[in-house]
Amino acid sequence: MVKADLVIKNGKIATVDRNFSYVEAVACRNGYIIDRGANAEIEAYIGPDTKVIDALGRLVLPAANDSHIHATHAGYTLSPTFLDFSGPEYTTMDAILSKLKEACDKAVPGQWVFGCGFVDSSIKELAAENRIMNRWDLDSVSKDVPVALTEFSLHSMVCNSKALEIAGIDRNYPEIPASVGYIDRDESGEPLGRFHEWGAQNLLCEKCPILSDSEIEDSIRRIQRALNAEGITSHEDILGEGGEHVFRGTWGTRPIHIYEKMAERGELTARVSINYFSAIGGAESYDSIIRGTERIKDSIPEFKDRNWVKGDTIKFFVDLGGPTWQRKETRLNEPRIAWAGSEDEVRSEIARTICELQRMGWQIGVHTCGGGAMDACTDGIALANQLYPGKDLRHFLIHCDDTTLEGAAKMAKNGIGQALQPVAADIIFAWNTPVLTAKEEVFSFQAYTDMGVNLTGGSDAPCPYPMNWRKGVQFCVTRTTSAGYCARPDLVMNREDAVRMYTINGAYQEHMEHVRGSIEINKVADFQILDKDIMTCPADEIGSAKVVITICGGRVVYEA
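Residues numbered from 1 in each chain as written. Predicted model: local features only at pLDDT ≥ 70, side-chain atom pairs only at ≥ 80, totals over all residues. Heavy atoms only, no water.

### Regarding the overall build of the protein chain
Helix and strand content of the protein chain: 19 helices and 24 strands. In terms of overall dimensions, the protein chain is globule-like: its C-alpha atoms have a radius of gyration of 23 Å, near the 24 Å expected for 560 residues. By its C-alpha atoms, the protein chain is 80 × 55 × 50 Å across when sized along the principal axes. Per-residue burial for the protein chain yields a buried fraction of 61% across its 560 residues. A sequence separation of at least 24 residues applies to 72% of the contacts in the protein chain between residues at least 6 apart. Summing over all exposed atoms, the protein chain offers an accessible surface of approximately 21,100 Å²; the carbon and sulfur share of this is 49%. A distance of 3 Å separates the average location of the 58 positive side-chain charges in the protein chain from that of its 80 negative side-chain charges. (Helix = DSSP H or I, 4+ residues; strand = E, 2+ residues; numbered from the N terminus. Rg over C-alpha atoms; globule rule 2.2 N^0.38 Å. Buried < 20%, exposed > 50% of the residue type's maximum accessible area, 1.4 Å probe, protein only. Contact = heavy atoms within 4.5 Å. Areas by Shrake-Rupley, 256 points an atom, 1.4 Å probe, with all protein chains shown as cover. Lys, Arg positive; Asp, Glu negative; His and termini not counted. Charge placed at Lys NZ, Arg CZ, Asp CG, Glu CD.)

### A few points about unusual backbone geometry
In this model, Ala 461 is joined to Pro 462 through a cis peptide bond whose omega is 15°. In this fold, Pro 462 is placed in the loop between strand 21 (455-457) and helix 17 (469-478). With a phi close to 55°, Val 16 is a non-glycine residue in the positive phi region. The topology assignment puts Val 16 in the loop between strand 2 (12-14) and strand 3 (22-23).

### Comments concerning the packing of aromatic side chains
Evaluated as defined, the whole model comprises 14 aromatic pairs. Considering the side-chain rings of Phe 277 and Phe 317, the 5.5 Å spacing of their centres and the 70° angle between planes classify their relative orientation as edge-to-face. Pair noted here: Phe 277 is in the loop between strand 16 (271-276) and helix 10 (286-294) and Phe 317 is in strand 17 (residues 309-317), with a separation of 40 residues, a long-range link. Overall, Phe 277 belongs to the buried group, its relative accessible area being 0%. Residue classification places Phe 317 among the buried positions, given a relative accessible area of 1%. Here the aromatic residues Trp 198, Phe 247, Trp 251, Phe 277 and Phe 317 are joined through ring pairs into a cluster of three or more. Above the ring of Trp 308, the side-chain terminus of Arg 271 is found at 4.2 Å from the ring centroid. (Phe/Tyr/Trp six-rings, centres within 6.5 Å; stacked < 30°, edge-to-face > 60°. Lys NZ or Arg CZ within 6 Å of the ring centre and 35° of its normal.)

### With respect to the pattern of salt bridges
Counting across every chain of the model gives 34 salt bridges. Of the charged contacts, one joins Lys 410 and Asp 379 as a salt bridge, the two residues approaching to 2.5 Å between their closest N and O atoms. Taken as a pair, Lys 410 in helix 13 (residues 405-413) and Asp 379 in helix 12 (residues 371-387) lie far apart in primary sequence, 31 residues in all. Relative accessible area serves as the criterion here: at 35%, Lys 410 is assigned to the partly exposed category. For Asp 379, a relative accessible area of 35% puts it in the partly exposed group. In this structure, Asp 497 and Arg 500 form a salt bridge, with 2.9 Å as the shortest nitrogen-oxygen distance. (Salt bridge = Lys/Arg side-chain N within 4 Å of Asp/Glu carboxyl O.)

### Examining the pairing of strand 19 (residues 396-399)
Two elements, strand 18 (residues 363-368) and strand 19, share 4 bridges in a ladder whose sense is parallel. Bridge pairing in strand 19 links Val 366 to Leu 397. With helix 12 bridging strand 18 and the parallel strand 19, this β-α-β connection has right-handed handedness. Of the pairings in the sheet, the one linking strand 19 to strand 20 (residues 417-420) comprises 3 bridges and is parallel in character. Each residue of the ladder has a partner; that of Ile 398, found in strand 20, is Ala 419. (Pairing = 2+ DSSP bridges. Right-handed = clockwise from strand over helix to strand, strands pointing away.)

### Structural notes on the sheet that holds strand 6 (residues 51-54)
Reading across the sheet, the 4 strands line up as 5-4-1-6 and stay open at both edges, with mixed pairing between neighbours. Of all strands in the sheet, those bounded by a partner on one side alone are strand 5 (32-37) and strand 6. Across the sheet, the mean angle from the axis of one strand to that of its neighbour is 15°, orientation sign disregarded. Examined bridge by bridge, strand 4 (residues 25-29) and strand 5 share 5 bridges and lie antiparallel to one another. By the bridge assignment, Val 26 is partnered in strand 5 with Arg 36. (Axes fitted to C-alpha atoms, helices over the stretch in contact; angles between N-to-C directions.)

### Regarding the pairing of strand 24 (residues 555-559)
Both faces of the sheet carry side chains from a regular strand, because those side chains alternate between them. Sheet topology places strand 23 (residues 547-552) next to strand 24; 4 bridges connect them, and they run antiparallel. From the neighbouring strand, Ile 549 faces strand 24, where its bridge partner is Glu 559. Counting the residues in the hairpin turn of strand 23 and strand 24 gives 2 residues, including Gly 553, whose phi is positive at 60°.

### What about the layout of surface pockets?
For the second largest pocket, the calculated volume is near 590 Å³. The wall of the second largest pocket is formed by 31 residues, among which Arg 394, Gly 452, Val 453, Asn 454 and Tyr 508 lie closest to the centre. Mapped by element, the contributors of at least two residues to the lining of the second largest pocket are helix 12, helix 18 (495-501) and helix 19 (504-509). The greatest single-element share of the lining of the second largest pocket, amounting to 4 residues, is contributed by helix 19. (1 Å grid on protein atoms, 1.4 Å probe; cavity = no way out; pocket = protein on both sides within 12 Å on 5 of 7 lines; lining within 4 Å. Points joined across faces, edges and corners; volume = space filled by probe spheres on them.)

### Looking at the packing of helix 8 (residues 213-228) against helix 9 (residues 254-264)
For any two helices packed against each other, one specifies the inter-axial angle together with the distance between the axes. Packing of helix 8 against helix 9 leaves a shortest axis separation of 10 Å and a crossing angle of 70°. By the angle between their directions, the pair helix 8 and helix 9 is classed as roughly perpendicular. Where helix 8 crosses over helix 9, the handedness of that crossing is right-handed. Facing Asp 213, Ile 216, Glu 217, Ile 220, Arg 221 and Gln 224 of helix 8, the residues of helix 9 in contact are Arg 254, Pro 255, Ile 258, Tyr 259 and Met 262. Tallied by class, the residues present in the contact of helix 8 with helix 9 amount to 6 nonpolar, 1 polar and 4 charged. (Parallel < 35°, antiparallel > 145°, perpendicular 65-115°, else oblique. Left-handed = near helix turned anticlockwise from the far one by under 90°. Nonpolar A, V, L, I, M, F, W, Y, C, P; charged D, E, K, R; others polar.)

### A short note on helix 10
Three or more residues of helix 10 are buried, namely Tyr 286, Ser 288, Ile 289, Ile 290, Gly 292 and Thr 293. If you follow the buried residues of helix 10, they end up packed against strand 17 and helix 11 (343-360).

### Concerning the sheet that holds strand 9 (residues 83-84)
The 6 strands lie next to each other as 9-10-11-12-14-13, forming an open sheet whose pairing is mixed. Two strands lie at the open edges of the sheet, namely strand 9 and strand 13 (182-185), each paired on one side alone. Summarising the sheet, strand 9 and strand 10 (residues 113-118) pair through 2 bridges and their orientation is parallel. Along strand 10, the bridge assignment pairs Asp 84 with Cys 116. Relative to strand 12 (residues 156-159), helix 7 (residues 198-205) is tilted by about 25°, and along the sheet it contacts strand 11 (147-151), strand 12, strand 13 and strand 14 (191-196).

### A closer look at empty space enclosed by the protein
In this structure the tally under the stated criterion is 4 cavities of 30 Å³ or more. Reported here for the largest cavity is a volume of approximately 90 Å³. For the largest cavity, the lining is made up of 14 residues, of which Ala 63, Ser 234, Arg 516, Gly 517 and Asp 526 are closest to its centre. Of all the elements in the fold, those that place two or more residues in the lining of the largest cavity are strand 8 (64-66) and strand 15 (232-239). Residue composition of the lining of the largest cavity, by class: 6 nonpolar, 6 polar and 2 charged. Every residue lining the second largest cavity is counted, 13 residues in all, and those nearest its centre are Phe 82, Phe 114, Thr 150, Met 157 and Phe 247. No other element matches strand 10, which puts 3 residues into the lining of the second largest cavity. Residues of the lining of the second largest cavity, tallied by class, amount to 9 nonpolar, 3 polar and 1 charged.

Shown next as structure tokens:
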């Protein structure tokens, strides 16, 4: 009999196959699964050179997938010089300025100071004055050092006066198109140092020093190791021309080439699916997105092993600026939030963009928080399916924080998936408890699943949500926030479907369900072993489960 390179035995191995069956052992060779079954069956594959892992009766699952993450950027935020303001201690300007001053005092000439994570509304001084942070708040501790800080959602950046000076942005700087974003100004036209959305942030960040190739490699290694520690061995990354200068180049095209080089050298510890941010200059419009998409083939490498790096998806944004809870307030007709024009004009341009991308054969992933944006994109995809049928593209909407049962049914009918962040839903419930408690439809993940919508789970890192996917599962099956508030427990999700969100469903979204996402013969040997059985433990303990071992391609990439 053929001998295995790797055998895991004595496990409670949840295969996450069609029947969610369990086995005791699995055998792997050359990075793939060659058999699974009872211990006695798999013992025959053990030879003198076989690595044997005794699971000691613990739960073994397919390695997890993060279906929406800004991975290279998140890895950069884990670097030692980056300032993290996401903790509960940063609720005053004094706390923020103290940390900022320390970094500015250490800065060498020409160095910028970067950070992210603050929440304007949680900072006492700003809340008292009913405003958001501006350049003058930062100037007192950073007069000679350029500073750029991003708030927790990443959609808005504040800089100090020195950064504006370097960028050449003053009161004479021209107004920018709504499709690019907007720059806050005072009544006299003086910029406040606040840039909203990626196109606007590009205008500032193109004057910032970008990361070197080696620094980007380090960022990728950091984030993949962090993901491995959470049992994750596959993830997406949003990269392309539209983010060439955003966040020091971590959203641009160079990371795509670097991922491929690292894959060829065997240095990746997680598999990557690129979502192309193709919009030229970050502008959200038909012309920008389609022209940028046409240029992709000239700006990306040849992916030699698509099991490790691939790119099939165009990512664009519709309702920028955050979620909208009342569906009648669509955000589509707000003049400062991308996609300029009347609501009817915007809906038409969105549909036109979707239809052209479908004709070109691209999968589409669209940032849609508010209900109006979700409806516009669902209608556009339905039209695209009718105009250009027969394409298995598996379009998906990202965030989907205002789904209705009617909308979910239409998504299922048209094969539209949802890339969700259950870990974020926990926080959103905490912010909007009265509104969300009354809604039967919001975050009703089991109902959407039963209708046939493919739901996937992600972290949206470096937004301040945990990469711990078990916490996402815990929220799905309890609908209870970390603060202990339970909203509509009658709408909880079953554990099997919640686990599928982070495993086989993520693989399906990426057209890789034949390769990974479940423990079946001929699939890649990607596993995680947990210290707690999340299928049977008390539901409120699921999030505390730790990953003991993570395996990618038959190789141990994390061990507690």
